[in-house]
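So you can see what is in the structure, the chains are spelled out below.
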Amino acid sequence: MGRKKDLRRVDAVAREFGIDRDEFGAYLEDCKAHGDRGTENDRGDFTWDEMREKAREFKDQQ
Amino acid sequence: MTTATDPRPPAAGPGPHLLRLVGEPFLFLRRSYGDELVLHFGERVFGPARRTRHGEFRYEHGTYRLHLRGSAWVVKAGGVPGVYAGGLPVGDGDDPGRPLDPEDPTPAVTPGARVTAVIPFGVDRPAVTGIGLRVELSDGATVVVIPTRPDEPEPGPDGTPLPDPADWELRAPDGTLAAGPGRRWHFTPAGG
């Protein structure tokens, strides 16, 4: 089942950057699937700073 | 494990919004960040193309999406025998059920199966009060969503506590229905 800690984090970052939470969450999973992983844990989850950087990338990619 | 449930739907509950999902075809399911299970229904839509360092990314989704957020869930398969579960024991003892693989060639829910019923129900058990959800489909599959207890409060980077996510959400063309945490729900119109 979903991990609430991670959901709170992606919700907060999506709000901070004004981006669509659903698409951003899918984007993060797409990054992980392509080896672009974070350093939070063995799952490759993203730290706060790493997720913010991903949000900046996401906004810049059109 | 037993779950105490109130069979009566919450007063002035989310039923009218949930009825919009009835009749919509199931498309696929995906796991989003945080291991959140998302079920997609309706028409298949692709978001704008994004050029990433690892290639093009386009967000593929349904016009209706059921986000299970941090809730526990059970999927009883329709076309093929099987019970899948996340966060709930099923069957005897502590059987965790089968893991649900979105890439499984024999999907738990048949693509194209239509939603026949969407039923909210009250959940009231130790440490958890909320609104559960049962979705029934025309292939015989059933999805049940059960809210779970809140995690310990977590501060954000600025030190203020982060809000708990909803127990589940239904995204529809006209807006988002969110249930929980707790025995509450709210609807946010699209664009609002």
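Residues numbered from 1 in each chain as written. Chains lettered and ligands numbered in written order. Predicted model: local features only at pLDDT ≥ 70, side-chain atom pairs only at ≥ 80, totals over all residues. Heavy atoms only, no water.

1. Things to note about the interface of chain B and chain A
Just so we agree on the cut-off: Note on definitions: a residue-residue contact is assigned when non-hydrogen atoms from the two residues lie within 4.5 Å. Put simply, buried area is the surface a 1.4 Å probe can reach on two separate parts but cannot reach once they are joined, added for both. A pair is scored as a salt bridge if a Lys or Arg side-chain nitrogen falls within 4 Å of a carboxyl oxygen belonging to Asp or Glu.
Of the residues lining the interface, 39 residues belong to chain B; the matching set on chain A comes to 36 residues. Three residues stand out in chain B for area buried against chain A, namely Tyr33, Arg50 and His54 of chain B, and they jointly supply 26% of the buried area on that side. Seen at the junction of chain B and chain A, the total is eight salt bridges. Aspartate 11 of chain A is paired through a salt bridge with arginine 69 of chain B; the nearest N and O atoms lie 2.8 Å apart.

2. Examining the nonpolar core
Quick reminder of the rule: What we call a nonpolar core is a set of buried Ala, Val, Leu, Ile, Met, Phe, Trp, Tyr and Cys residues that are connected through their side-chain atoms within 4.5 Å. Relative accessibility thresholds used throughout: buried, under 20% of the residue-type maximum; exposed, over 50%; partly exposed, between the two (1.4 Å probe, protein chains only). Helix and strand definitions here come from DSSP, where helices need a minimum of 4 consecutive H or I residues and strands a minimum of 2 consecutive E residues; each element is numbered from the N-terminal end.
Within the largest apolar cluster, 31 residues are counted, with the highest numbers of intra-cluster contacts made by Leu39, Phe41, Leu66, Leu133, Val135, Leu137 and Trp168 of chain B. Element by element, the count of residues in this core is highest for strand S10 (residues 128–137) of chain B, at four residues. Phe17, Phe24 and Leu28 of chain A together with Tyr33 of chain B belong to the second-largest nonpolar core, a separate cluster that totals 20 residues.

3. Digging into unusual backbone geometry
Residues and elements named next belong to chain B. At the junction of glycine 180 and proline 181, the peptide bond is cis and its omega measures out at 0 degrees in the coordinates. Turning to its location among the elements, proline 181 is positioned in the loop between strand S13 (175–179) and strand S14 (185–189). At aspartate 35, a residue that is not glycine, the phi angle is positive and equals roughly 65 degrees. Summarising the element assignment, aspartate 35 is placed in the loop between strand S2 (26–32) and strand S3 (36–46). The phi dihedral of alanine 127 is positive, around 75 degrees, even though this residue is not glycine. With respect to the helices and strands, alanine 127 occurs in the loop between strand S9 (115–125) and S10.

4. What about the pairing of strand S7 (residues 72–76) of chain B?
All names here are of chain B. Cut-off, in case you're wondering: Paired strands are those between which DSSP finds at least two bridges.
Counting buried positions along S7 yields four of five residues, so the element is predominantly enclosed. Of the pairings in the sheet, the one linking S7 to strand S8 (residues 83–86) comprises four bridges and is antiparallel in character. Considered in S8, the bridge of valine 74 is made with alanine 85.

5. Topic: helix H3 (residues 48–60) of chain A
Cut-off, in case you're wondering: The length a helix should cover is 1.5 Å for every residue beyond the first.
Taking 1.5 Å of rise per residue, the 13 residues of H3 of chain A would be expected to cover 18 Å, and the 19 Å separating its terminal C-alpha atoms lies within 8% of that figure. Residues of H3 of chain A that are buried: Trp48, Met51, Arg52, Lys54, Ala55, Glu57 and Phe58 of chain A.

6. Examining the packing of helix H1 (residues 4–17) of chain A against helix H2 (residues 21–33) of chain A
All names here are of chain A. Condition: Note on definitions: angles span 0 to 180 degrees between N-to-C directions of axes, and those axes are lines fitted to C-alpha atoms, for helices only across the stretch in contact. For classification purposes, an angle smaller than 35 degrees is called roughly parallel, one larger than 145 roughly antiparallel, one from 65 to 115 roughly perpendicular, and anything else oblique. The hand of a helix crossing depends on one turn: near helix anticlockwise from the far one by less than a right angle means left-handed, and clockwise means right-handed.
Where H1 meets H2, the axes come as close as 9 Å, and the angle between the chain directions of the two elements is 120 degrees. With respect to H2, the element H1 is oriented oblique. Remark: the crossing between H1 and H2 carries right-handed chirality. Each of Val10, Asp11, Val13 and Ala14 in H1 lies in contact with H2, whose residues at this interface are Arg21, Phe24, Gly25 and Leu28.

7. With respect to H1 of chain A
All names here are of chain A. Across its 14 residues, H1 extends 20 Å between first and last C-alpha, which sits within 8% of the 20 Å expected from 1.5 Å per residue. The element H1 is extensively covered by neighbouring structure, given that eleven of its 14 residues are classed as buried. Turning to H1, its buried residues number three or more, namely Lys4, Asp6, Leu7, Arg8, Arg9, Val10, Asp11, Ala12, Val13, Ala14 and Phe17. Backbone geometry just downstream of H1 places glycine 18 in the positive-phi region, at approximately 65 degrees.

8. What about the pattern of salt bridges?
By the definition in use, this model includes 30 salt bridges over all chains. Its salt-bridge partner being lysine 32 of chain A, residue aspartate 45 of chain A comes within 2.8 Å of it at the nearest N-O pair. Taken together, the residues aspartate 45 of chain A in the loop between H2 and H3 and lysine 32 of chain A in helix H2 connect sequence positions 13 residues apart. Taking the relative accessible area as the measure of exposure, lysine 32 of chain A reaches 12% and is therefore buried. One continuous salt-bridge network, built from bridges that share partners, spans Asp11, Arg21 and Asp22 of chain A together with Glu36, Arg65, Arg69, Glu169 and Arg171 of chain B.

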